[in-house]
Structures are given as C-alpha cells and as structure tokens.
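Given next are the chains, with one letter for each unit.
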Amino acid sequence: MTEHDISPRRTSEHPTTTPGIADTPGIPGIAATRGVADDGELRARALKRLKDKRDLKAHLLAYVTVNLLLVGIWAAAGGGFFWPVFPILGW
C-alpha cells in the first residue's frame, strides 16, 4: 500500500472522488480513480480484511478463555489478592 492509497487529502488528480467511496464495491470505475489496478487487487484486499477479522476473533477468544481460566484458578485457591490482574492487563 502506498501513501497515495491512504492519503485523505484531495488532489487535482482525483477532483471528484470522495474519501472512502472508492472502497465501495459495485460502483464501476470508482476504484480505478483511486489507483486500484483491477478487481483482483480489490479481492485480495477484501480477503486480507476477512482474514484479519477472523484472526482477531481467534485471539480475542484465546484471551477471554485463558483469563477466565486464571480467574477460576484464583477463585478455587481461596481468593485473596487478585493476582490474575497482572496477566489480564499485561497480555
């Protein structure tokens, strides 16, 4: 990705484009005005975003599961000082 792809400012090169609308699928010709080469590149970007979302969900599930397990161990050990706060905040 180049600076040109993420730059929010308008230039004479793109006088009629609105930031963000170029990423809208189904509008022919708009993507070409933002420097996107073809549908293959758009598909690759979409697939990367989907993979990133899936990875985030997996990491969030692991975070919640492990921290609930640690809190369960703390509770089963009789409570006292809430030591699971360290891994919860330090993850």
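Residues numbered from 1 in each chain as written. Predicted model: local features only at pLDDT ≥ 70, side-chain atom pairs only at ≥ 80, totals over all residues. Heavy atoms only, no water.

Attention shifts here to the packing of aromatic side chains. The relation between two aromatic rings is expressed through the spacing of the ring centres and the mutual angle of the planes. In total, this model carries 3 aromatic pairs according to the counting rule given. When the ring of tyrosine 63 is compared with that of tryptophan 91, the centres are 5.2 Å apart and the planes differ by 90°; the resulting orientation is edge-to-face. One end of the pair, tyrosine 63, is in helix α3 (residues 39-76); the other, tryptophan 91, is in the segment after α4 (85-90), with 28 residues separating them in the sequence. Its relative accessible area of 25% is what places tyrosine 63 among the partly exposed residues. (Phe/Tyr/Trp six-rings, centres within 6.5 Å; stacked < 30°, edge-to-face > 60°. Helix = DSSP H or I, 4+ residues; strand = E, 2+ residues; numbered from the N terminus. Buried < 20%, exposed > 50% of the residue type's maximum accessible area, 1.4 Å probe, protein only.)

Time to look at the environment of phenylalanine 81. By the secondary structure assignment, phenylalanine 81 is in the loop between α3 and α4. Phenylalanine 81 has contacts with Trp74 and Phe86, leaving out every residue within four places of it along the chain. (Contact = heavy atoms within 4.5 Å.)

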